[in-house]
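Below are the chains, spelled out letter by letter.
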Amino acid sequence: MRFTPRVLDALDGKFSFIKPPSTTPSAQHDPAVAKTVSEMLLDIEKRGLDAVREYARKLDNHEGELVVDGGRLASSGDRLPRDLRDAIELGAQRTRAFAAHSRQQLQDYSFETAPGIVCGVRHVPVQQVGAYLPAGRFPLTASAFMSVGVAKEAGVPVVSAATPPQPNGAPNDAVLFAAHASGVDRAYTIGGVQAIATLAFGLLDDAPANMVVGAGNAYVAEAKRQLFGRVAIDLPAGPSEVAIIADETADPVIVAADLLGQAEHGPNSPAALITTSRELAESVAVEVKQQLETLSTAEIAGPAWRDYGSITVADTPEIAAELMDDLAPEHLEIITSRDDWYHDRLKNYGSIFLGEWSTVAYSDKGMAGTNHTLPTAGGAKHSAGLSVSRFIKPLTYQRLTREATPEAAHAVQVISDSEGMEAHSRTATYRLDRWQGQQN
């Protein structure tokens, strides 16, 4: 999440840095990771479950069952504190509710492009989805809401989930219950590249996934990247990002807390503030430092803020908006007296959070209902996040009548002949000959 030189040059003199942004990308393609992943995928494709179990022993120290027993899956909530179980059920319900409403907006339709020519679209879900549910440094409980739950609301018949084993060899019960509450059909205790390969190749159920989704570490992200094309993926994953536009009306305590809330994801997670108030900028810089002194995860958030945090003062709201659209952040918070103005103007972001009462964490944990699987590293300039529409194929169809043939066939013949594609031309002229014969 960086400003581009072109925009910085164009706006030179109209902004200043309190804390300059990093010039180093937060995540780069690592050739060593790519090589390791490629070798693992080839090995697993060749040797199947024998290779998966070998990697499970070697990388996760796991020698137990790979398939989660149905009874353990169904009872996973019983092993959780009641308040955690209630919170997970609430997040699953809200995320599925928003996804269900989104699915209702995707209507089949048809249109007569010319007399006798009807074209249309049917929205058909993919048939098999594999979801990776991370549970490493932090068990990202809500990931199941965003992948499993949204896929089920899209109408996907079978959703399988894989999550890495904990030190005791069992899956994380909170992650497992989130998957259960989201409607998962099958669950596996497998982590890393071997999990992605198992889902994509269908090694445990003889049903290869059509699509693999879910966040993970650099190896998981690379496995998805290499398998893209063989399967669909949600989007290339990168470190979590947050950017905030704030003005003099914002509370520096809240702004600082929200910056650190995403920096906590990892030591290379960018966090950026763009403000029209120098006083606020300076106050936030001080407040971030003070909050880090008492933050239990300061060893993660601190380096992230030190290396990838930035504070920019823009001369006007227009400059602030232009700079933010250049950043194209994954998560964007607006805490100003002109929230609606910014909302109408901004075009490049994964998801936007409007007003001081809206924080990224509400979406991260499923309490808002929107999806937290979003484009990073500037991807919001061209892509949107995961939603029901990503699990659905808008399949086109066309039906032409005999009466529509003369005009269409003649035009296709002319174009095909000009291209030298005689076989294409014949598909039209044979029909035209038949039509003419039926006229006699």
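Our structure is the block above this text.
Everything numeric here is computed off the predicted structure, so don't read it as measured data.

> What exactly am I supposed to notice about the overall build of the protein here?
Of the regular secondary structure elements, the protein holds 17 helices and 14 strands. In terms of its C-alpha atoms, the protein occupies a principal-axis envelope of roughly 90 × 60 × 40 Å. The buried share among the 440 residues of the protein stands at 49%. Taking the intrachain contacts of the protein between residues at least 6 apart in sequence as the baseline, contacts between residues at least 24 apart amount to 74%. If you sum the accessible surface of the protein, you get close to 21,100 Å²; carbon and sulfur atoms cover 51% of it.

> Would you explain the side chain of His-123 in this entry?
In this structure, His-123 sits in strand 3 (residues 117–125). Judged by relative accessible area, His-123 falls into the buried class, the value being 15%. Within the structure, the side chain of His-123 is placed 3.5 Å from the backbone oxygen of Gln-107, a separation counted as a polar contact.

> Help me understand helix 13 (residues 317–327), please; the structure alone is not making it clear to me.
The α-helix advances 3.6 residues per turn, and as a result positions three or four apart in sequence lie on the same side. Within helix 13, 9 of the 11 residues are buried, which leaves it mostly tucked inside the rest of the structure. Among all positions of helix 13, only Pro-317, Ile-319, Ala-320, Ala-321, Leu-323, Met-324, Asp-325, Asp-326 and Leu-327 are buried. Among the residues trailing helix 13, Ala-328 stands out with phi positive, at a value near 50 degrees.

> I tried to follow helix 12 (residues 298–308) on my own but got confused; where do I start?
Turning to helix 12, its buried residues are Ile-300, Ala-301, Gly-302, Pro-303, Ala-304, Trp-305 and Tyr-308. The secondary structure elements touched by the buried residues of helix 12 are strand 1 (15–19), helix 10 (252–263), strand 10 (271–275), helix 11 (278–292) and strand 11 (309–314).

> I'm lost on the packing of helix 16 (residues 405–419) against helix 17 (residues 422–439) in this one. Help?
Helix packing for two helices is described by the angle between their axes and how far apart those axes are. One can describe the packing of helix 16 onto helix 17 by two numbers: an axis separation of 8 Å at closest approach and a directional angle of 150 degrees. Relative to helix 17, the element helix 16 lies roughly antiparallel. Crossing angle aside, the handedness with which helix 16 passes helix 17 is left-handed. Packed against helix 16, whose contacting residues are Thr-405, Pro-406, Ala-409, Val-412, Gln-413, Ser-416 and Asp-417, the element helix 17 presents His-424, Ser-425, Ala-428, Thr-429, Arg-431, Leu-432 and Trp-435 at the interface. In terms of residue class, the contact of helix 16 with helix 17 is built from 6 nonpolar, 6 polar and 2 charged.

> Is there a simple way to think about the nonpolar core in this case?
Generally speaking, nonpolar side chains in soluble globular proteins are found buried as a group. Counting residues in each nonpolar core, the largest one holds 36 residues, and the members touching the most others are Ile-88, Val-129, Leu-133, Phe-145, Val-148, Val-156 and Phe-391. Listing elements by their share of this core, those giving two or more residues are helix 5 (82–104), strand 4 (128–132), helix 6 (143–154), strand 5 (158–163), helix 7 (173–181) and strand 7 (211–213). If you tally residues by element for this core, the top one is helix 6, at 7 residues. Apart from residues lying up to four places away in sequence, Ile-88 is in contact with Leu-80, Thr-141, Phe-145, Ala-174, Phe-177 and Ala-178. Formed by 27 residues, the second largest nonpolar core is a distinct cluster that contains Ala-162, Val-193, Ile-196 and Val-231.

> Is there a simple way to think about the sheet that holds strand 5 in this case?
Strand pairing in a sheet relies on backbone hydrogen bonds, with the paired strands running either antiparallel or parallel. Judged by pairing direction, the sheet is parallel, and its 5 strands sit side by side in the order 6-5-4-7-8 without closing on themselves. Since the sheet does not close on itself, it has two edges, and those belong to strand 6 (186–189) and strand 8 (232–233), each with one partner. By the bridge criterion, 3 bridges tie strand 4 to strand 7 in an arrangement that is parallel. Residue Ala-131 lies in a different strand from strand 7, and its bridge partner there is Val-213. Across the face of the sheet, helix 8 (residues 192–201) comes into contact with strand 4, strand 5, strand 6 and strand 7 while running at roughly 170 degrees to strand 4.

> I would appreciate a short explanation of unusual backbone geometry in the present structure.
Trans is the common state for peptide bonds, and a negative phi is the common state for residues other than glycine. A positive phi is found at Asn-61, a non-glycine position, where the angle reads about 55 degrees. Along the chain, the position of Asn-61 falls in the loop between helix 3 (49–60) and helix 4 (70–74). Phi is positive for Ala-328, close to 50 degrees, though the residue is something other than glycine. With respect to the helices, strands and loops of the structure, Ala-328 is situated in the loop between helix 13 and strand 12 (331–335). Assessed through its relative accessible area of 0%, Ala-328 is described here as buried.

Calculation notes
For every chain, the first residue of the written sequence is number 1, and numbering continues from 1 onward in sequence order. Local features are withheld for residues below a pLDDT of 70 in this predicted model, meaning they are given only at 70 or higher, and side-chain atom pairs are given and counted only at 80 or more; totals for whole chains, interfaces and linings count all residues. Hydrogens and waters are ignored; side-chain quantities use all the structure's heavy atoms. Under the scheme used here, helices are H or I runs from DSSP no shorter than 4 residues and strands are E runs no shorter than 2 residues, and both carry numbers assigned from the N terminus. Type-normalised accessible area, obtained with a 1.4 Å probe on protein chains alone, sets the label of each residue: buried when under 20%, exposed when over 50%, and partly exposed for intermediate values. Contacts between residues were defined by any pair of non-hydrogen atoms, one from each residue, lying within 4.5 Å. Accessibility throughout is a Shrake-Rupley quantity obtained with a 1.4 Å probe, and a residue counts as covered only by protein chains that appear here. Under this definition, polar contacts are N or O atom pairs within 3.5 Å; protein pairs additionally need one hydrogen-donor-capable and one acceptor-capable atom, and for neighbouring residues in sequence, both atoms have to be side-chain atoms. Only C-alpha atoms enter the line fits that serve as axes; for helices the fit covers just the stretch in contact. Angles between N-to-C directions range over 0 to 180 degrees. These descriptions rest on fixed angle ranges, namely under 35 degrees for roughly parallel, over 145 for roughly antiparallel, 65 to 115 for roughly perpendicular, and the rest for oblique. By the definition used in this description, the sense in which the near helix is turned from the far one sets the handedness, with an anticlockwise turn below a right angle giving left-handed and a clockwise turn giving right-handed. Side-chain classes follow a simple rule in which Ala, Val, Leu, Ile, Met, Phe, Trp, Tyr, Cys and Pro form the nonpolar group, Asp, Glu, Lys and Arg form the charged group, and the remainder, Gly included, forms the polar group. Among buried residues, the Ala, Val, Leu, Ile, Met, Phe, Trp, Tyr and Cys ones that are joined through side-chain atoms within 4.5 Å form a nonpolar core. Between any two strands, at least two bridges found by DSSP are needed for them to pair.

Honestly, it's all geometry; don't read function into it.
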